Structures are given as structure tokens and as C-alpha cells.
Number of protein chains: 2
Amino acid sequence: MADELKRLIRDIPDFPKPGILFRDITPLLSDHAGFRLVVNTLKQRYEGRKIDKIAAIESRGFLFGTPLGYQLGVGVVPMRKPGKLPYKTIRESYALEYGEAALEIHKDAVRPGDQVLIMDDLLATGGTASAAVSLVEKLGGEVVEVCFVIELAGLNGRSRIEGVPVFSLVSYD
Amino acid sequence: MADELKRLIRDIPDFPKPGILFRDITPLLSDHAGFRLVVNTLKQRYEGRKIDKIAAIESRGFLFGTPLGYQLGVGVVPMRKPGKLPYKTIRESYALEYGEAALEIHKDAVRPGDQVLIMDDLLATGGTASAAVSLVEKLGGEVVEVCFVIELAGLNGRSRIEGVPVFSLVSYD
């Protein structure tokens, strides 16, 4: 299955900056069979588990989080960059290679005790994922798993979210 | 149906700036029954039509475009703000109230003759929608319809995309 998906992931050298090899999921998204394989595999993994909300990370996490939520019968809550969510929010900042970024979630998106599946397209250094876990936990939610389509295993992002289950469909060294 | 959806759309006054009444779709997204109603209604509208691609506009268009694509068995192509798409792109700029914005699409996202459904969450003044239609047509695609969850009818965004079919689930004066 991973090989089938890898054929639909395009390598773009030097994007967004020199020395970075970008894994482009747009051919996978555009190929209905490939996209269906991703959503169905995740559906099989999570159906029967108690999941109250899927927290999808802006913006490529939206692409996979909402079809999965639809399939599982679970509502979706967005986690976004600062200033995008209109209602009351909490914010978590995290370090980037150069500078800092932050993620926000609506205060009413997760209730205490909610079982939350976090969804993003790609795990790199784990900064965004770590902030996402913190936001869910600050609202009293419990993270069922953090789920990615792609994992860049060589960057060891899992070490930033130790203690939380992590799953990825496709892994690159 | 529109009333049921309106109960799940939250009004946020003065966002993102004073005088703007923002229509917040996050309660709708978080409510599985409401979200399902949106996707199923759109599925019923478009199934049986010839649609080769759904072009979803960053980023709230992603939330509805991908579950609809999954349901219809159609691949999804993203239209994004400048600099986000990693492969070869074309760009269309458009005027905002103050300043200018632009939208990009991958050159290989649409092929000549493709029947394309454009999906976004909200039609306001129509600038983004107009740019999206131009991008699809520049690549040789034909716009089947431009589909929105919400239309702010008082802003008359439809006038910016005359000649192209427009559909919205919920309309506000």
C-alpha cells in the first residue's frame, strides 16, 4: 500500500527553499483511487474506536481530516494559524528552524474528556504536531492518536510528541 | 434544510475587522449531522453529472471539497495562495477592498476539456471565485458550476462570475 501511495507523491527539490526535498501530495489528491485508498485505510484503522472529534491542522490536514470525519461519523474541528479563527481561541507557539510559529483552536472545539484524533498531512520535525497535542490537552481532551499521511522519519518528529500514539501511512528516511 | 444549516452557522460581529459580520462555519463542521447534511446534499446535486475534477479553494474550500470528491469518486485539485503550491503554477490576481490578492493552481491540475466543479465555503464579493474560474479556463477546463456553502447575496458576488452557473446552500441578505 505504501508503495502505491509513494508513486502518487511527487518529489520537488529545493522547495520551499534550497536543500529541502518537498513531498507533494497533490497528485495523490487528484487521483481518485489513491485518495480513496488513503481515506479507506484510515477509516479501517479508526472505525470502532471511540473518537469524539477529529482535529485537522491547517491547511493540508483539512484535505484528509474532513473526508475521514465524514466516513467515521465524527465532527471535525480546525486548528489554524493565528488570527484565522473568529471565535474565542487558545494559542500555542512553537519554534521553527528560523523564528517561531503558532497554532490556535476555538475554546469550544474540544470538551473535557473528548477523545480526539489529530490529523495532518506530514510529520517533519514535529513542532506543529506538538503544539496541536498541547492545544487538545489544554482543553481537557485526550489525544487518541496523531495521524499523518507522510512521515519524514529521519527528522525524528516522533521524539517531540512522546507519550502520544503516532501513525503514518507512508514513511521516508 | 437552509434553516437547519443556519442554526449551525455562528455570527461573529466585527471579524476580521470592525463592521464585518463573519459567518463562522466551525459549529457546522463540528456537528456531524450538519456536516453530513451539507456533503450529502451536494452529492445528490452533482452525482450523475460529468465532473472530472473538483477544484477546492484554500483553505475552507478544502473542508467541503475533499469529502465531496470522495463521495462522488472525483479527484480534488487545490487552488492556493501564492507560493504554497510546489510544482509549476499559473497565477491570477484580483482586487480586494484594500490592495490585491492572488490565487494559484498547478499547471497539471486541469487538462483541456476537463469538467471542473469549483468549491469554496463562502461567496462574498466574488473576487476569489472570479480568479478561480479564470484559472480553470486558462488551463482549458470548463467550469460545471461554482459551489458555495454560504452566499452573502447582498454583496452580489454572482455579478463577478456571470456566465458561469453558481450554487449555494445557504443565503444571507
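The structure under discussion appears in the preceding block.
Residues numbered from 1 in each chain as written. Chains lettered and ligands numbered in written order. Predicted model: local features only at pLDDT ≥ 70, side-chain atom pairs only at ≥ 80, totals over all residues. Heavy atoms only, no water.

How should the pattern of salt bridges be read in this particular structure?
Pairs may arise between side chains of opposite charge once their charged atoms sit close together. For the coordinates displayed, the defined rule picks out 22 salt bridges over all chains. Here Glu58(A) ties to Lys84(A) by a salt bridge, and the two come within 2.9 Å at their closest N and O atoms. Note that Glu58(A) is positioned in the loop between strand E3 (53–57) and helix H4 (60–72) and Lys84(A) in the loop between strand E4 (75–80) and strand E5 (89–95), a separation of 26 residues in sequence. Taking the relative accessible area as the measure of exposure, Glu58(A) reaches 9% and is therefore buried. For Lys84(A), a relative accessible area of 31% puts it in the partly exposed group. Because the salt bridges share partners, they merge into one network encompassing Arg10(A), Asp24(A) and Asp108(B). (Salt bridge = Lys/Arg side-chain N within 4 Å of Asp/Glu carboxyl O. Helix = DSSP H or I, 4+ residues; strand = E, 2+ residues; numbered from the N terminus. Buried < 20%, exposed > 50% of the residue type's maximum accessible area, 1.4 Å probe, protein only.)

Help me understand the relation of the copies chain A and chain B in this model?
Superposition of the two copies of the chain requires a rotation about an axis together with a shift along that axis. When chain A is fitted to chain B, the best match, at an RMSD of 0.0 Å, comes from turning it 180 degrees and sliding it 0.0 Å along the axis. The transformation relating the two chain copies, once decomposed into turn and shift, fits a two-fold axis. Proximity to the rotation axis, assessed at the C-alpha, singles out Pro67(A) in chain A; its C-alpha lies 2.1 Å from the axis. When the interface residues of chain A are mapped onto chain B, 100% of them again lie at the interface, so the same face is used by both copies. (Least-squares fit on C-alpha atoms with pLDDT ≥ 70 in both. Contact = heavy atoms within 4.5 Å.)

Got a minute to help me understand the packing of aromatic side chains in this structure?
One pair of aromatic rings is described through two measures. These are the centre distance and the angle between the planes. Within the structure shown, the criterion is met by four aromatic pairs over all chains. Arranged with centres 5.1 Å apart and planes meeting at 80 degrees, the rings of Phe15(B) and Phe22(B) form a pair that is edge-to-face. The burial state of Phe15(B) is the same as that of Phe22(B); both residues are buried. The ring of Tyr172(A) has Lys6(A) lying over it, and the distance from NZ or CZ to the ring centre is 4.7 Å. (Phe/Tyr/Trp six-rings, centres within 6.5 Å; stacked < 30°, edge-to-face > 60°. Lys NZ or Arg CZ within 6 Å of the ring centre and 35° of its normal.)

Explain the side chain of Asp24(A) to me, please; I cannot follow it from the model alone.
Tracing the chain through its elements places Asp24(A) in strand E2 (residues 21–24). Owing to a relative accessible area of 2%, Asp24(A) belongs among the buried residues under this scheme. In this structure the side chain of Asp24(A) is engaged in a polar contact, spanning 3.0 Å, whose partner is the side chain of Thr26(A). Setting aside chain neighbours within four positions, we find Asp24(A) in contact with Leu8(A), Ile9(A), Arg10(A), Ile12(A), Pro86(B), Tyr87(B) and His106(B). (Polar contact = N/O pair within 3.5 Å; in protein donor to acceptor, adjacent residues only side chain to side chain.)

Explanation requested: the sheet that holds E3(A) in the structure shown.
Sheet strands pair by backbone hydrogen bonding; their relative direction is either parallel or antiparallel. All names here are of chain A. Pairing in this open sheet of seven strands is mixed, and the strands run E5-E6-E4-E3-E7-E8-E9 from one edge to the other. Strand pairing shows two members of the sheet lacking a second neighbour, E5 and strand E9 (166–172), which therefore form its edges. Direction aside, the axes of adjacent strands within the sheet are offset by 20 degrees on average. Pairing of strand E7 (residues 115–123) with strand E8 (residues 142–152) involves eight bridges; the strand directions are parallel. For Val-116, the partnering residue across the bridge sits in E8 and is Val-143. (Pairing = 2+ DSSP bridges. Axes fitted to C-alpha atoms, helices over the stretch in contact; angles between N-to-C directions.)

Which parts of the structure should I look at to understand the interface of chain A and chain B?
How big an interface is tends to be reported as the loss of accessible area on association of its parts. If you look at the interface, chain A gives 38 residues, while chain B gives 38 residues. Summed over both partners, the interface of chain A with chain B buries about 3200 Å², with 60% contributed by carbon and sulfur atoms. In this structure, the connection of chain A to chain B is made through two salt bridges. The partner of Arg10(A) in a salt bridge is Asp108(B), and the shortest N-O contact between them spans 2.7 Å. In this assembly, chain A and chain B are joined by 19 residue pairs in polar contact (both at pLDDT 80 or more). The element that contributes the greatest number of residues to the side of chain A that touches chain B is H4(A), accounting for eight residues. Taken together, the residues of the side of chain A that touches chain B break down into 17 nonpolar, 12 polar and nine charged. (Buried area = accessible area lost by both parts, 1.4 Å probe. Nonpolar A, V, L, I, M, F, W, Y, C, P; charged D, E, K, R; others polar.)

Could you clarify how one ought to interpret unusual backbone geometry in this entry?
Excluding glycine, a negative phi dihedral is what most residues carry, and trans is how most peptide bonds are arranged. Note the cis peptide between Phe15(A) and Pro16(A), where omega equals 0 degrees. Its place among the elements puts Pro16(A) in the loop between strand E1 (10–13) and E2. Put simply, Glu58(B) and Ser59(B) share a cis peptide bond, and its omega is -15 degrees. In this fold, Ser59(B) is placed in the loop between strand E3 (53–57) and helix H4 (60–72). The backbone of Asp14(A) shows a phi angle near 60 degrees, a positive value even though the residue is not glycine. In this fold, Asp14(A) is placed in the loop between E1 and E2. Classification of Asp14(A) as partly exposed rests on a relative accessible area of 48%.

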